[in-house]
Amino acid sequence: MTARILLVNGPNLNLLGTREPEIYGSATLADVESLVTRAARDFSLEVRAVQSNHEGEIIDAIHAAREDCAAIVINPGAFTHTSIAIRDAISGVALPTAEVHISNVHAREAFRQHSYLSDIAACVIVGCGVQGYEFAVRRIASLLAE
């Protein structure tokens, strides 16, 4: 059986490619999902991709991952700075998790500089553009191989 990664993209990431391209670039969500799928294949991993603007749907996807995923790659979007519930879901499923942010959140507004997930994540990748998702997959694959 092939191991699977849950790829979660939070609110407004469905607008990638058109939303503030000076910050987030021109890649679309479909581009991100393709990038992650290609990177995962290098390690014989499958990907299930979920994007939602709704906190509860993200939590439900994380809970479901417990049944058939080995790890999570998540860009929680604005929920990074607000959602204890998503943090609790990730803690509850106890899967290695990579937190990804396209922009360098530490060089942006003060409210974006705090993450409720970073201290429970296996790794945090910020400011690498969409390439950060590929780095996250590589790191998760390395952790799964240990």
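Our subject is the structure listed above.
Cut-offs and rules
Residues numbered from 1 in each chain as written. Predicted model: local features only at pLDDT ≥ 70, side-chain atom pairs only at ≥ 80, totals over all residues. Heavy atoms only, no water. Helix = DSSP H or I, 4+ residues; strand = E, 2+ residues; numbered from the N terminus. Buried < 20%, exposed > 50% of the residue type's maximum accessible area, 1.4 Å probe, protein only. Lys, Arg positive; Asp, Glu negative; His and termini not counted. Salt bridge = Lys/Arg side-chain N within 4 Å of Asp/Glu carboxyl O. Polar contact = N/O pair within 3.5 Å; in protein donor to acceptor, adjacent residues only side chain to side chain. Contact = heavy atoms within 4.5 Å. Pairing = 2+ DSSP bridges. Axes fitted to C-alpha atoms, helices over the stretch in contact; angles between N-to-C directions. Parallel < 35°, antiparallel > 145°, perpendicular 65-115°, else oblique. Nonpolar A, V, L, I, M, F, W, Y, C, P; charged D, E, K, R; others polar. Left-handed = near helix turned anticlockwise from the far one by under 90°.

K.L.:
I'd love a proper account of the side chain of E99, names of residues and values included.
P.N.:
Within the element layout of this structure, E99 appears in strand β4 (residues 97–101). Notably, E99 is buried but unbridged: the nearest opposite-charge side chain belongs to R87, and the N-O separation is 8.4 Å. A polar side-chain atom of E99 sits 2.9 Å from a polar atom in the side chain of S115. Those residues in contact with E99, other than ones at most four positions away along the chain, are I74, P76, T80, S115, L117, S118, A121, C123, V124 and I125.

K.L.:
Requested: an account of the sheet that holds strand β3 (residues 71–75), with residues and values cited.
P.N.:
Strands belonging to one sheet form pairs held by backbone hydrogen bonds; the direction of such a pair is parallel or antiparallel. Ordered in space as β2-β1-β3-β4-β5, the five strands form an open sheet in which the pairing is parallel. Edge positions in the sheet fall to β2 (46–51) and β5 (123–126), since each has one partner strand and no second. Averaged over all pairs of adjacent strands, the angle between strand axes in this sheet comes to 15°, irrespective of strand direction. By the bridge criterion, six bridges tie strand β1 (residues 4–9) to β2 in an arrangement that is parallel. Paired with L7 across the bridge in β2 is A49.

K.L.:
Explain the pattern of salt bridges residue by residue, including any values.
P.N.:
Considering all chains together, one arrives at seven salt bridges under this definition. For D68, the salt bridge goes to R48, with nearest N and O atoms at 2.8 Å. Taken as a pair, D68 in helix α3 (residues 55–68) and R48 in strand β2 lie far apart in primary sequence, 20 residues in all. On the basis of relative accessible area, R48 is assigned to the partly exposed category, the value being 26%. Between R87 and D119 there is a salt bridge, and its shortest N-O distance comes to 2.5 Å. Pair noted here: R87 is in helix α4 (residues 84–93) and D119 is in the loop between β4 and β5, with a separation of 32 residues, a long-range link.

K.L.:
Tell me about the packing of α3 against α4, and name the residues and values.
P.N.:
Direction vectors running N to C along α3 and α4 enclose 5°, while the axes themselves pass 9 Å from each other. In terms of orientation, α3 lies roughly parallel with respect to α4. Residues E55, I58, I59, I62, H63 and R66 of α3 pack against A85, I86, A89, I90, G92 and V93 of α4. Looking at the contact of α3 with α4 residue by residue, the class counts come to eight nonpolar, two polar and two charged.

K.L.:
Describe the packing of helix α2 (residues 29–41) against helix α5 (residues 131–145), and please don't skip the residues or the numbers.
P.N.:
Taken N-terminus to C-terminus, the directions of α2 and α5 make an angle of 30°; their axes are 9 Å apart at the nearest point. Judged on the interaxial angle alone, α5 and α2 are roughly parallel. Between α2 and α5 lies a crossing of right-handed hand. Contacts between α2 and α5 involve V32, L35, V36, A39 and A40 on the former and, on the latter, Q131, Y133, E134 and V137. Here the contact of α2 with α5 is composed, by residue class, of seven nonpolar, one polar and one charged.

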